[in-house]
Amino acid sequence: MPAAGRPTVRSRRLGSALKRHREAAGLDQAAAAEAIMKAVSKVSRMESGQVSTSALEVRTLLDLYQVADPDERERLVQWARSSNQRGWWFDYQETMRPDYADHITLEADATYIRSWEPSLIPGLLQTPEYAESVITTGPTFVDSEWVAAMVKVRQERQRRIEEGGADFTAIIWEPAVAALSDGSAVHVGQLERLIEVGQRQNVTVQILPTSASKAAGMAGAFVAFSFGVEPRVEAVTVRNPANTSVVESPEDLALYVNIFDQLRSAAMSPEESAQRLREILP
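These numbers come from a predicted model, not from an experiment.

### Things to note about the environment of proline 282
Structurally, proline 282 can be placed in the segment after α13 (270-280). Between the alpha carbons of proline 282 and serine 184 there is a distance of 9.2 Å; along the sequence they are 98 residues apart.

What follows is the structure, encoded as structure tokens:
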């Protein structure tokens, strides 16, 4: 059973991939069940991510489906091995919502991350001081211990980018960075960090001009993830005040890919964006 008795994003991704390969091979669930000597109901639960799948079962099914690509085979076997692994974020599970943990799991597994933020600096680029100001701004009371834990989570999340584990592209609407122009130490530090991280080889920061309001209005904040050597989007998380939802259907993913491409086309180049950040810096 996946961790905590609920499908994890890892087990869902694995199940979805196995289902896609089975259907491409023109086989039904009964054929898959026979190959791994399990009930059809087991295959159904595997494909929906509700039960774990062993590495041996994955190899057997990929052989049946005639999946020969070594990279794809290795990726799915690794997903089977890691589907129930506890990440560092489980140390914070008592203070973290499950949907936030799902988002962090996707970040931890991703090779390419693309973020659109119309109102804030992305969490992967936030300084601790800016993160604290964001976390403490809201309609509900939060105690200092919880705030400190969430700031620590943001810092831990950033290690993925700092260590070069993933390529990260952030598009930020200009009003979000213009709001940092008041000269306060927190905002100056955040502007300086954006300029600094934008110079890293695996990080791209682009500012969407205020004038591009039609593009900015296409979608609220979202993050797109790719998990292989190619930057094919395989999951998107969408943030709203109540929760963070995971989008995985091919039709919806195609929509978000199209939106992000339009945002990137309308945004300033990385060089122009860096210059704009320097102009805003007091």
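### Considering the pattern of salt bridges
Where charged atoms from two side chains of opposite charge come close, those side chains can pair. All told, the structure shown has 20 salt bridges when counted by the stated rule. Two residues, arginine 193 and glutamate 162, come together in a salt bridge whose shortest N-O distance is 3.5 Å. In this pair, arginine 193 is assigned in helix α10 (residues 185-197) and glutamate 162 in helix α8 (residues 144-162), connecting sequence segments 31 residues apart. Arginine 193 sits in the buried class, given a relative accessible area of 15%. Linking arginine 276 and glutamate 174 is a salt bridge whose minimum nitrogen-to-oxygen distance equals 2.5 Å.

### What about the packing of helix α1 (residues 9-24) against helix α5 (residues 70-82)?
Two elements in contact, α1 and α5, have axes separated by 9 Å at closest approach and are oriented at 140°. Our pair here, α1 against α5, has a crossing hand that is left-handed. Seen from α1, the contacting residues are Arg10, Arg13, Leu14, Ala17, Leu18, Arg20 and His21; seen from α5, they are Glu72, Arg75, Leu76, Trp79, Ala80 and Ser82. When grouped by side-chain class, the residues that make up the contact of α1 with α5 number 6 nonpolar, 2 polar and 5 charged.

### Considerations on the layout of surface pockets
In this structure, the largest pocket encloses a volume near 1100 Å³. Taken together, 38 residues line the largest pocket, and the ones lying closest to its centre are Arg97, Arg154, Arg239, Asn240 and Thr244. Among the secondary structure elements, those contributing two or more residues to the lining of the largest pocket are α6 (98-109), β1 (112-117), α7 (128-135), α8, β4 (222-226) and β5 (235-239). Among the elements that line the lining of the largest pocket, the one with the most residues is α8, at 4 residues.

Rules behind the numbers
- Residues numbered from 1 in each chain as written.
- Predicted model: local features only at pLDDT ≥ 70, side-chain atom pairs only at ≥ 80, totals over all residues.
- Heavy atoms only, no water.
- Helix = DSSP H or I, 4+ residues; strand = E, 2+ residues; numbered from the N terminus.
- Salt bridge = Lys/Arg side-chain N within 4 Å of Asp/Glu carboxyl O.
- Buried < 20%, exposed > 50% of the residue type's maximum accessible area, 1.4 Å probe, protein only.
- Axes fitted to C-alpha atoms, helices over the stretch in contact; angles between N-to-C directions.
- Left-handed = near helix turned anticlockwise from the far one by under 90°.
- Contact = heavy atoms within 4.5 Å.
- Nonpolar A, V, L, I, M, F, W, Y, C, P; charged D, E, K, R; others polar.
- 1 Å grid on protein atoms, 1.4 Å probe; cavity = no way out; pocket = protein on both sides within 12 Å on 5 of 7 lines; lining within 4 Å.
- Points joined across faces, edges and corners; volume = space filled by probe spheres on them.

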